[in-house]
Amino acid sequence: MHRRTRLSLRSSIVHDKENEHEEQTTPRKRRSKLPVNVSEHERDDEFVPSPKKSARKSRGRPSLQLPKPVVESEDAEETDTSWQEGGASELVGKLPEREKEYDQLVTYVENVLDKGGSGSLYISGPPGTGKTATLQRILNHGPFVGKLRPVYINCTSIKSVGSIYKKISEALGLKVSGGTEKVYQGAIEAYLQRKHKTVMLVLDEIDQLSNSKQTILYSIFEWPSRATARLILIGIANALDLTDRLLTRLKARCDLKPHVIQFLPYTKQQIVTILKSCLEATDSLARFPEPALALLAAKVASTSGDIRRALFIARRLTEGVKKEDRKNGTATTTAVTTVSMRQVMAVLNQVYGGAQTLSQDLDEGFPLQQKILICSLMLVLKHGKNKDITVGKLHDVYRSICVKRNIHAVDQTEFINLCSLVETRGIMRLQGKKEPRLHRVYLQWDEEEVSAALNDKQLINSIMDDVSCLGK
């Protein structure tokens, strides 16, 4: 037995050496640099291991399965499935307070489809304003399902700027030989020249494709101008002026300049409407009194207008009072615990932080200079002819009010700091990128909310009636 084993081993060694000698003497074939079209079946067969190897690898460890790729969008952050229980899932896709933007998108796509041509769109707006969610709703729009071939790509998921061509090729199911950027780009452009269904290409966070010469962004935005492209290109980003700032050459040709739709931050009233819809869908509207809801909406609207943040805070507060009911054994009774103003302020302080909390603001009141500043803004908004208010114009009105009342007026530099302090309270908002005196000033609160916060009706009435301080 042992002798037979040794002989078999020797013969196998000799056989292996002969094979090695033959491989060395046989000239190695050079690979052709020409692209070779490989079918999907042949490509799959290359990676199929032999039964022996697969059995050897799987021995002693469980088989692994790669998860399917999931597209993440900016509007999917801070989402909890518990918030959609009890009928709230019906609200998905309805997007309250975004019907105007949705109708604009539907009209634009319908016009392109009716003409059988192409077009490009640029959608801008801060995070959490419903951009991606509205586009997802467009992709699922009934009349468009059979007419469009949707392709959605989040540009934050690509490793390098040039790999966007590979992503688009894979999404279109193109068979590409070679792995260079130009090969993938050529495959896409060849596909657009052939007869095909209209493609809606949505590039979320498109500003991630920006590079020094913007060659990739230019090449992508030039695709819809091709005669047989049948392409609706939609780019999404936060910056309003991305196409004007980075793609200046698009202005020269009308067929390349994209149509722009702006998603503005949600206002206080819009946030209240959306919160009421979601609270009503989860049978939690009775737990949120109107003043608490208004305070939450006002704070979110003054900071960012991010509806995801407002929904996150509202869900956190409702879960807190529900937990309190379960703890006290009153969950089944009709008298439910409601969200208090102090609870709203506590959560807002935890979420937004800041050196001066909201509770301190309401307890300590406002300094006199801040009161005069706020009243000056209300005076201009109520009686001024031009509602487009800058910091410099507001300072002129503020100084006139102080002079008439023998109150020390701060200079413009201190006034800008004063405006920043009032802005941290969420009452007004400053906007602008130029010098501070040219920044726009917007009032975020209603007149009744400001009056209650200032708690000085005599001062407010005296300033609001003094129209002479507005000047000419």
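Refer to the preceding data block for the structure.
What you are looking at is a predicted structure, and each value in this text was computed from that prediction instead of being measured.

Colleague: Help me understand the overall build of the chain in this model?
Modeller: The number of helices and strands found in the chain is 20 helices and seven strands. Among the 472 residues that make up the chain, the fraction classed as buried is 40%. Excluding contacts between residues fewer than 6 apart, the proportion of contacts in the chain whose partners are at least 24 apart in sequence is 73%. For the chain, the accessible area works out to roughly 28400 Å², and carbon and sulfur atoms hold 51% of it.

Colleague: Would you explain helix 16 (residues 368–383) in this entry?
Modeller: Each α-helix turn comprises 3.6 residues. Residues three or four places apart therefore point the same way. Across its 16 residues, helix 16 extends 22 Å between first and last C-alpha, which sits within 8% of the 22 Å expected from 1.5 Å per residue. Judged by how many residues are buried, helix 16 sits mostly within the fold: 12 of 16 residues are covered.

Colleague: Help me understand the packing of helix 16 against helix 20 (residues 457–464), please; the structure alone is not making it clear to me.
Modeller: Two numbers describe how helix 16 lies on helix 20: the axes approach to 9 Å, and their chain directions differ by 40°. By the angle class used here, helix 16 and helix 20 are oblique. The hand of the helix 16/helix 20 crossing is right-handed. From helix 16, Leu-368, Lys-371, Cys-375, Met-378, Leu-379, Lys-382 and His-383 reach across to helix 20, where they touch Leu-459, Ile-460, Ile-463 and Met-464. Looking at side-chain class alone, the contact of helix 16 with helix 20 contains eight nonpolar, one polar and two charged residues.

Colleague: I keep staring at unusual backbone geometry and nothing clicks. Help me out?
Modeller: Where the residue is not glycine, phi is negative for most of them; where a peptide bond is considered, it is trans in most cases. Not every positive phi belongs to a glycine, and Glu-205 is a case in point at roughly 55°. The residue Glu-205 is located in the loop between strand 3 (198–204) and helix 9 (215–222) in this model. With a phi close to 45°, Arg-230 is a non-glycine residue in the positive phi region. Structurally, Arg-230 can be placed in the loop between helix 9 and strand 4 (231–237).

Colleague: Is there a simple way to explain the side chain of Ser-219 in this structure?
Modeller: Within the secondary structure, Ser-219 is located in helix 9. Its relative accessible area of 12% is what places Ser-219 among the buried residues. Excluding anything up to four places from it in sequence, Ser-219 contacts Tyr-165 and Gln-185.

Colleague: Looking at this model, I keep getting lost on the pairing of strand 3. Mind explaining?
Modeller: Regular strands show a simple pattern: their side chains alternate between the two faces of the sheet. Taken across its seven residues, strand 3 has seven buried, putting it largely inside the fold. By the alternation rule, side chains of strand 3 split into Thr-198, Met-200, Val-202 and Asp-204 and Val-199, Leu-201 and Leu-203, which are all buried. When strand 3 meets strand 4, the two strands line up parallel, connected through six bridges. Bridge pairing in strand 4 places Val-199 opposite Leu-231.

Colleague: Help me out: how do you make sense of the packing of aromatic side chains in this one?
Modeller: Two descriptors summarise a pair of aromatic rings, namely the distance from one centre to the other and the angle between the planes of the rings. In the structure shown here, the tally under the stated rule is two aromatic pairs. With a centroid separation of 6.1 Å and 50° between ring planes, the pair formed by Tyr-165 and Trp-223 is classed as tilted. Taken as a pair, Tyr-165 in helix 7 (residues 164–172) and Trp-223 in the loop between helix 9 and strand 4 lie far apart in primary sequence, 58 residues in all. Tyr-165 sits in the buried class, given a relative accessible area of 1%.

Basis of the calculations
- Residues numbered from 1 in each chain as written.
- Predicted model: local features only at pLDDT ≥ 70, side-chain atom pairs only at ≥ 80, totals over all residues.
- Heavy atoms only, no water.
- Helix = DSSP H or I, 4+ residues; strand = E, 2+ residues; numbered from the N terminus.
- Buried < 20%, exposed > 50% of the residue type's maximum accessible area, 1.4 Å probe, protein only.
- Contact = heavy atoms within 4.5 Å.
- Areas by Shrake-Rupley, 256 points an atom, 1.4 Å probe, with all protein chains shown as cover.
- Expected span 1.5 Å × (residues − 1).
- Axes fitted to C-alpha atoms, helices over the stretch in contact; angles between N-to-C directions.
- Parallel < 35°, antiparallel > 145°, perpendicular 65-115°, else oblique.
- Left-handed = near helix turned anticlockwise from the far one by under 90°.
- Nonpolar A, V, L, I, M, F, W, Y, C, P; charged D, E, K, R; others polar.
- Pairing = 2+ DSSP bridges.
- Phe/Tyr/Trp six-rings, centres within 6.5 Å; stacked < 30°, edge-to-face > 60°.

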